[in-house]
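# Remarks on the overall topology
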Amino acid sequence: MRKVLMSVLFACCGFAATAEPVVIAALGDSLTQGYGLPEQDGFVPQLDRWLKDQGADVRLINAGVSGDTTAGGAARVDWTLTPEVDGMIVALGGNDLLRGIDPAVSRANLETIVNSAREADVDVLLVGMQAPGNYGPDYKQAFDAMYPDLAGEYQLLFAESFFEGLQPNGDPNAVRQYMQPDGIHPNKKGVARIVEALGPSVLELVNLSAGQD
């Protein structure tokens, strides 16, 4: 009887030891890819360390491509969603802004990405972005609204802004210390603040993808 019990115990322990982590793909542009930074200082590696510090059993895939638009993300989402992927962060739209792409086009591309994830049974965290005012109030309203609208329509996890951790708190000049010289991409300290603000939403995605919610 003792041998039987020991065999069951070993089998259970062996199963626990081989349990696989939750796999999260981060689909994005240069902000996700880690433009201008050593690999270990980029968004995905810093986020990976933050999540593991919270006790998450997770593996992140850096699916960020510098210069990518929502159209680029839509074009490559299917081969990003490999069978191992359990959840996906979608952080795209900054390059659409730089090119002045019609928000209706950007929205359709994001919708394609979301539908691909749904077909693959992959949970999504949609990360929003806000347009500057130089394109006019109509453009800004349409662009800013597409993220919460899609999150509501498809019942997605939603983070209002990739740059939430860099909000100026009344002092716009304070943000400069967290940016690279180009004024567009965060430096190592900036990424750390972004990760700290966005991390809880990603942790929620990890738990949802693991079936723990």
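Before reading on, note that the structure itself is shown above.
Note that the structure is a prediction, hence the values are computed from the model and not measured.

This brings us to the nonpolar core. Grouped together as the largest cluster of nonpolar side chains are 60 residues, with contacts concentrated most on Phe43, Leu51, Met88, Ile89, Ile113 and Phe162. Setting aside residues up to four positions removed in sequence, Leu51 forms contacts with Ala56, Val58, Leu60, Gly199, Val202, Leu203 and Val206.

Glancing now at empty space enclosed by the protein. A water-sized probe, rolled over the atoms, reveals where empty space remains. Considering all chains together, one arrives at one cavity of 30 Å³ or more under this definition. Looking at the largest cavity, its volume works out to about 30 Å³. Surrounding the largest cavity, Ser30, Leu31, Gly34, Tyr35, Leu37, His185, Pro186 and Val191 form its lining. Its residues placed into classes, the lining of the largest cavity shows five nonpolar, three polar and no charged.

Quick look at the layout of surface pockets now. Here the largest pocket is characterised by a volume of approximately 580 Å³. Leu31, Met129, Phe163, Gly183 and Ile184 are the residues nearest the centre of the largest pocket, which is lined by 26 residues in total. Only α2 (30-33) and α5 (94-99) provide two or more residues apiece to the lining of the largest pocket. The element best represented in the lining of the largest pocket is α5, accounting for four residues. Of the residues contributing to the lining of the largest pocket, the split by class is 14 nonpolar, 10 polar and two charged. Empty space within the second largest pocket amounts to approximately 180 Å³.

Procedures and definitions
- Residues numbered from 1 in each chain as written.
- Predicted model: local features only at pLDDT ≥ 70, side-chain atom pairs only at ≥ 80, totals over all residues.
- Heavy atoms only, no water.
- Core = buried A, V, L, I, M, F, W, Y, C linked by side-chain atoms within 4.5 Å.
- Buried < 20%, exposed > 50% of the residue type's maximum accessible area, 1.4 Å probe, protein only.
- Contact = heavy atoms within 4.5 Å.
- 1 Å grid on protein atoms, 1.4 Å probe; cavity = no way out; pocket = protein on both sides within 12 Å on 5 of 7 lines; lining within 4 Å.
- Points joined across faces, edges and corners; volume = space filled by probe spheres on them.
- Nonpolar A, V, L, I, M, F, W, Y, C, P; charged D, E, K, R; others polar.
- Helix = DSSP H or I, 4+ residues; strand = E, 2+ residues; numbered from the N terminus.

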